[in-house]
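# Chains, contacts and geometry: an overview
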Amino acid sequence: MTESVERAGVPEEVRERFVTLSRELSEVMVMFHGQVAERAGLSATDSKCLDLAVRADRPLTAGQIADLSGLSTGAVTGVIDRLERAGYVRRVRDPDDRRKVLVEVTRSNLSRFGDVFEGLSAALGEVLADYTPAELAVIERYISETIEITRTETARLSR
């Protein structure tokens, strides 16, 4: 057992089980989102960068998309070019700082994704219905902390 696992009181086999489950979840999500991207005529990377822009509460700069995605700014420029050509985004000047360019989602073209998430959303709803509010809180905390850890590790790897 590693020292940090022993200190945390988590047996090695439990940690390994969660690592394996996390990897499997990642694999099926990558495959699912690959199919979503293909349906919309995008690469998986372009689709996920578009998703970051869609979920943002405001238009993002290329640098912000790079930070959120872990991609280099050069790679993000290519992503934005492709998304713009496909009609999913457009570049606009920042009204507060005309030197900055923002990436604004062209929402009318998002209909190309259709109802691809409806089945997954409905099935997740059925799964979640089997848990108590306290269990859901623990699951939510675990997923949120895992997302943060993974973002940190992604940033570390990209340096």
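Residues numbered from 1 in each chain as written. Predicted model: local features only at pLDDT ≥ 70, side-chain atom pairs only at ≥ 80, totals over all residues. Heavy atoms only, no water.

### Describing the overall build of the protein
When helices and strands are counted, the protein shows seven helices and two strands. Overall size of the protein, expressed as C-alpha extent along the three principal axes, is 55 × 35 × 30 Å. The buried share among the 159 residues of the protein stands at 21%. Partitioning the contacts of the protein with sequence separation of at least 6, the portion at a separation of at least 24 is 43%. Seen as two clouds, the 22 positive and the 27 negative side-chain charges of the protein have centres 9 Å apart. (Helix = DSSP H or I, 4+ residues; strand = E, 2+ residues; numbered from the N terminus. Buried < 20%, exposed > 50% of the residue type's maximum accessible area, 1.4 Å probe, protein only. Contact = heavy atoms within 4.5 Å. Lys, Arg positive; Asp, Glu negative; His and termini not counted. Charge placed at Lys NZ, Arg CZ, Asp CG, Glu CD.)

### Remarks on the pattern of salt bridges
Under the defined criterion, the tally for this structure stands at 13 salt bridges. Glutamate 145 is the salt-bridge partner of arginine 141, the closest N and O atoms lying 3.4 Å from each other. One end of the pair, arginine 141, and the other, glutamate 145, are both in helix α7 (residues 133-158), four residues apart, so they sit about a helical turn from each other. Judged by relative accessible area, glutamate 145 falls into the partly exposed class, the value being 44%. Several salt bridges share partner residues, and in doing so they unite Glu12, Arg15 and Glu16 into one network. (Salt bridge = Lys/Arg side-chain N within 4 Å of Asp/Glu carboxyl O.)

### Points about the confidence of the model for the protein
Of the residues in the protein, 96% have a pLDDT of 70 or more, and the chain-wide mean is 90. Ranking the elements of the protein by mean pLDDT puts helix α1 (residues 3-8) last, at 54, and helix α5 (residues 73-85) first, at 95. (pLDDT = per-residue confidence, 0-100.)

### Description of the pairing of strand β1 (residues 89-94)
Sheet topology places β1 next to strand β2 (residues 97-105); six bridges connect them, and they run antiparallel. Across the sheet, residue arginine 91 finds its bridge partner in β2, namely valine 103. The turn linking β1 back onto β2 is made up of two residues. (Pairing = 2+ DSSP bridges.)

### Focus on the side chain of aspartate 94
With respect to the helices and strands, aspartate 94 occurs in strand β1. Lysine 100 provides the closest opposite charge to the buried, salt-bridge-free aspartate 94, at an N-O distance of 4.7 Å. Side-chain polar atoms of aspartate 94 contact the backbone nitrogen of aspartate 96, separated by 2.8 Å. Apart from the residues within four sequence positions on either side, aspartate 94 is in contact with Lys100 and Leu102. (Polar contact = N/O pair within 3.5 Å; in protein donor to acceptor, adjacent residues only side chain to side chain.)

### Re helix α2 (residues 12-39)
If you check α2, its first and last C-alpha atoms are 41 Å apart, about what 28 residues at 1.5 Å a residue would give, namely 40 Å. Along α2, the positions that sit buried rather than exposed are His33, Val36 and Ala37. Close packing links the buried residues of α2 with α3 (44-55). The first or second residue beyond α2 is glycine 41, which carries a positive phi of 75 degrees. (Expected span 1.5 Å × (residues − 1).)

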